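Architecture and fold: a report
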Amino acid sequence: MVPVLEWRGDAMALSEEDASILGFLYRDSTRLELVPLSGGFSGAVVLRVFSQDALGHQQAPSVVKLGPRALIADERVAFEQVEAVLGNDAPSLRGFADLRGRAGLKYAYASMGTGEGRTFKSLYMGGAPQEQERTQRQQGDRHGPGAGQRRKGGGGGRGGGGG
């Protein structure tokens, strides 16, 4: 059973295969609110999805990527190779499905909520200096004051003789 598909923003025409893939990836949902995300490098269809279960409960938002089977399979393999390196910063791969030459990946992100999201491409292409400064401040907060700066007096480390 395919959930009811509702569009927020510009509606897109989905193929029968893509609708069936969405139905499989969200088989525990009765309604999907789809928000097209643009700016991807691959040309695949990327959607932010707000889903609702049979009892009317909102489920955690996710992102789904639909495209040619080979493209999506390559992305899945590449993601699985870098997932261990990214650790907790990596999105979580929640599902994979393919049907007649098309495929889909369902991702969940730890930081996903109902606020507005930005794509990596928009940050990269836009050169958002405020975002870069904010990220640097957050890194400093996370790693303590002076993170990334050399300690004065050289030598540091063990031993206790400083003077």
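None of the values given here were measured: they were computed from a predicted structure.

Some thoughts on the confidence of the model for the protein chain
Confidence in the prediction of the protein chain, expressed as mean pLDDT, is 77, and 64% of residues score 70 or more. In the model of the protein chain, helix H4 (residues 129-143) stands out as the element of lowest mean pLDDT, 56, in contrast to helix H1 (residues 16-25), which has the highest, 95.

Overview of the pattern of salt bridges
This model, assessed by the stated rule, comprises nine salt bridges. Measuring nitrogen to oxygen at the nearest pair gives 2.8 Å for the salt bridge that ties Asp18 to Arg102. Here Asp18, found in helix H1, pairs with Arg102, found in strand S6 (residues 102-108); they are 84 residues apart in sequence, far enough to count as distant. Between Arg31 and Glu33 there is a salt bridge; the shortest N-O distance is 3.9 Å. Linked by salt bridges that have partners in common, Glu6, Arg8, Arg31 and Glu33 make up one network.

Some points on the environment of Asn88
Within the fold, Asn88 resides in the loop between helix H2 (69-86) and strand S5 (92-99). When the C-alpha atoms of Asn88 and Tyr109 are compared, they prove to be 9.7 Å apart, with 21 residues separating the residues in sequence.

Describing the sheet that holds strand S2 (residues 31-37)
What the six strands build is an open sheet, ordered S1-S2-S3-S4-S6-S5; its pairing is mixed. The open sheet is flanked by strand S1 (4-7) and S5, the only strands paired with a single partner. If you compare each strand with its neighbour and ignore which way they point, the axes differ by 30° on average. Where S2 and strand S3 (residues 45-52) come together, seven bridges link them in antiparallel fashion. By the bridge assignment for S3, Glu33 is matched with Phe50. Packing against the sheet, H1 makes contact with S1, S2, strand S4 (62-68), S5 and S6, and its axis sits at approximately 140° to S5.

Examining the nonpolar core
The biggest cluster of nonpolar side chains holds 12 residues, and these are Ile21, Leu22, Leu25, Tyr26, Leu32, Leu34, Val45, Leu47, Val49, Val64, Leu66 and Ala97. Counting only elements with at least two residues in this core, the list comes to H1, S2, S3 and S4. What Val49 contacts, discounting residues up to four positions off in sequence, is Tyr26, Leu32, Glu33, Leu34, Pro61, Ser62 and Val64. In this structure, Ile72, Ala103, Leu105 and Tyr107 belong to the second largest nonpolar core, which totals five residues.

Quick notes on the rules
- Residues numbered from 1 in each chain as written.
- Predicted model: local features only at pLDDT ≥ 70, side-chain atom pairs only at ≥ 80, totals over all residues.
- Heavy atoms only, no water.
- pLDDT = per-residue confidence, 0-100.
- Helix = DSSP H or I, 4+ residues; strand = E, 2+ residues; numbered from the N terminus.
- Salt bridge = Lys/Arg side-chain N within 4 Å of Asp/Glu carboxyl O.
- Pairing = 2+ DSSP bridges.
- Axes fitted to C-alpha atoms, helices over the stretch in contact; angles between N-to-C directions.
- Contact = heavy atoms within 4.5 Å.
- Core = buried A, V, L, I, M, F, W, Y, C linked by side-chain atoms within 4.5 Å.
- Buried < 20%, exposed > 50% of the residue type's maximum accessible area, 1.4 Å probe, protein only.

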